[in-house]
Amino acid sequence: MVAEPSHIAGYLVLSPAAAPGDGQTLAREVLAGLTERPKRLSSRWFYDDVGSELFARICAQPEYYVTRTELQILTTHRADIAALAAGDGAPLDVVDLGAGDGSKTRVLLEHLLSCGHAPRYVPIDISHGAMRDLVARTRAALPTLEVHGLVAEYVEGIAHLTRQAAPRRKLVVFLGSTIGNFRADDARALLTRVREACADGDLLLVGFDLKKDPHVLFRAYNDAAGVAAAFNQNLLHRLNRELGTDFDVERFRHYGGYDVRSATVESFLCSTEAQVVHCSSLATSFDFAAWEPIVIEHSHKFTLAEVDELVGACGLLVERLLLDDARWFLDALLRVRGAR
Ligand SMILES: C[S@@+](CC[C@H](N)C(=O)[O-])C[C@H]1O[C@@H](n2cnc3c(N)ncnc32)[C@H](O)[C@@H]1O
């Protein structure tokens, strides 16, 4: 796929794997995942154009407390966060990892602009559709803001920033508790990679979903309107569209379950009966037993002690711990010390 020049589109496509139509990485991962026991598919494949739209709809569901709770935290503390990020007035990049629709980051950008700062906004997202819409919406709403989006994997986008001729001060935001989708070792590796790409004094703002009533968690991942189910089932529609599989999506039922011992929500698509799914592009087929699951999402819920341990292990200092009144969600503002 040919990228539009970034000055016109407002974003660069760095990752061919993120581009629609490149099925090779997808095919490799699907073959590996559906031959594992239990069968697995990575949640990063959720976010094609339809998936990104469905995720935005999940965020608006009454049961999905995450978005409105984090929005409340950021709105309450925007002046403090902006003042710390703007610091001595050096040129600032607000880097938004897995930006999605960017609606929460917008609160911080608007505040920085209203205080006379001129940050550059650098959203990084693997979803081309989400990036196209985000850049267009942001430019329309905040015409004076410089926007430089990257359609890329997290690590690839961060590496691109470190290759810039004149590195700028950074506020890296990683919202929505996306960090909870990583296994502990991978979360540590990612945050360490982000820290290494930053300079001394740069800030990270990371959203962590906290442990809470399991019933609240269950409802959030099994909303009454069925949007979470549609979001997860879209993964199978995507494989049908892009890999030539013949999943009969209605014969795979969504289930999100909270395991209280590991404090993790896992989402599954369960085959409602014994069936065989064919894949023309891989020239193979996959057997499913009745009620056999495909594991498609992992979302860890943290304690404050776990957050402390994780960020400490990544060489990050806690600047602020920002919580909502119910203590359901935490935005941790972290400072890079002793980098590069
Ligand atoms: C859970 S959503 C969070 C969106 C937004 N930050 C929020 O707080 O509402 C995760 C976002 O990360 C993007 N994403 C998923 N895997 C990614 C990857 N490996 N590299 C870059 N972006 C990724 C998705 O496209 C999606 O927009």
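Model, not experiment: these values are computed from the prediction. (Residues numbered from 1 in each chain as written. Predicted model: local features only at pLDDT ≥ 70, side-chain atom pairs only at ≥ 80, totals over all residues. Heavy atoms only, no water.)

Time to look at the packing of aromatic side chains. The geometry of an aromatic ring pair comes down to the distance between the two centres and the angle between the two planes. Enumeration according to the criterion identifies 16 aromatic pairs in this entry. With centroids separated by 6.3 Å and ring planes inclined at 65 degrees, the aromatic side chains of phenylalanine 247 and phenylalanine 288 adopt a geometry described as edge-to-face. Of this pair, phenylalanine 247 sits in the loop between helix H10 (227–243) and strand E9 (252–259) while phenylalanine 288 sits in strand E12 (residues 284–288), and the two are 41 residues apart along the sequence. Through pairs of rings, three or more aromatic residues link up here, namely Phe46, Tyr47, Phe55, Tyr64, Tyr221 and Phe231. For lysine 39, the ring lying beneath its charged end belongs to phenylalanine 288, and the centroid distance is 4.6 Å. (Phe/Tyr/Trp six-rings, centres within 6.5 Å; stacked < 30°, edge-to-face > 60°. Helix = DSSP H or I, 4+ residues; strand = E, 2+ residues; numbered from the N terminus. Lys NZ or Arg CZ within 6 Å of the ring centre and 35° of its normal.)

Turning to unusual backbone geometry, a few remarks are in order. The omega torsion of the bond from arginine 37 to proline 38 falls at -5 degrees, within 30 degrees of zero and hence cis. Structurally, proline 38 can be placed in the loop between helix H2 (24–34) and strand E2 (39–40). The phi torsion at arginine 327 lies on the positive side, around 55 degrees, for a residue other than glycine. Among the secondary structure elements, arginine 327 is positioned in the loop between strand E14 (316–323) and strand E15 (329–336). Its relative accessible area of 48% is what places arginine 327 among the partly exposed residues. (Buried < 20%, exposed > 50% of the residue type's maximum accessible area, 1.4 Å probe, protein only.)

Attention now moves to the site of the ligand. In the vicinity of the ligand, 16 residues are found, and the nearest of them are Gly98, Lys104, Asp125, Glu153 and Tyr154. One of the backbone nitrogen or oxygen atoms of glycine 100 is found 3.4 Å away from an oxygen atom of the ligand. At 2.9 Å, a side-chain N or O of glutamate 153 approaches a nitrogen atom of the ligand. Protein contact buries 93% of the 600 Å² of open area that the ligand shows by itself. Looking at the shell around the ligand, its residues break down into seven nonpolar, five polar and four charged. Residue assignment places the shell around the ligand across two domains, with domain 1 (6–61 + 223–299) and domain 2 (70–212 + 302–336) each supplying three or more. (Near = heavy atom within 4 Å. Polar contact = N/O pair within 3.5 Å; in protein donor to acceptor, adjacent residues only side chain to side chain. Areas by Shrake-Rupley, 256 points an atom, 1.4 Å probe, with all protein chains shown as cover. Nonpolar A, V, L, I, M, F, W, Y, C, P; charged D, E, K, R; others polar. Domains from an automatic or database assignment.)

So, about the pattern of salt bridges. The full count for this structure, using the stated rule, is 21 salt bridges. Salt-bridge contacts for arginine 132 lead to aspartate 49; the nearest nitrogen and oxygen are separated by 3.2 Å. Of this pair, arginine 132 sits in helix H6 (residues 128–141) while aspartate 49 sits in helix H3 (residues 49–59); the two residues are 83 residues apart in sequence, bridging distant segments of the chain. Judged by relative accessible area, arginine 132 falls into the partly exposed class, the value being 38%. Between arginine 106 and glutamate 110 there is a salt bridge; the shortest N-O distance is 3.7 Å. With arginine 106 and glutamate 110 both in helix H5 (residues 103–114) and four residues apart, the pair spans about one turn of that helix. For arginine 106, a relative accessible area of 22% gives the class partly exposed. A residue is classified by how much of its surface remains accessible, and glutamate 110, at 37% relative accessible area, is partly exposed. What you see here is one network of salt bridges that share partners, running through Asp80, Glu319, Arg320 and Arg335. (Salt bridge = Lys/Arg side-chain N within 4 Å of Asp/Glu carboxyl O.)

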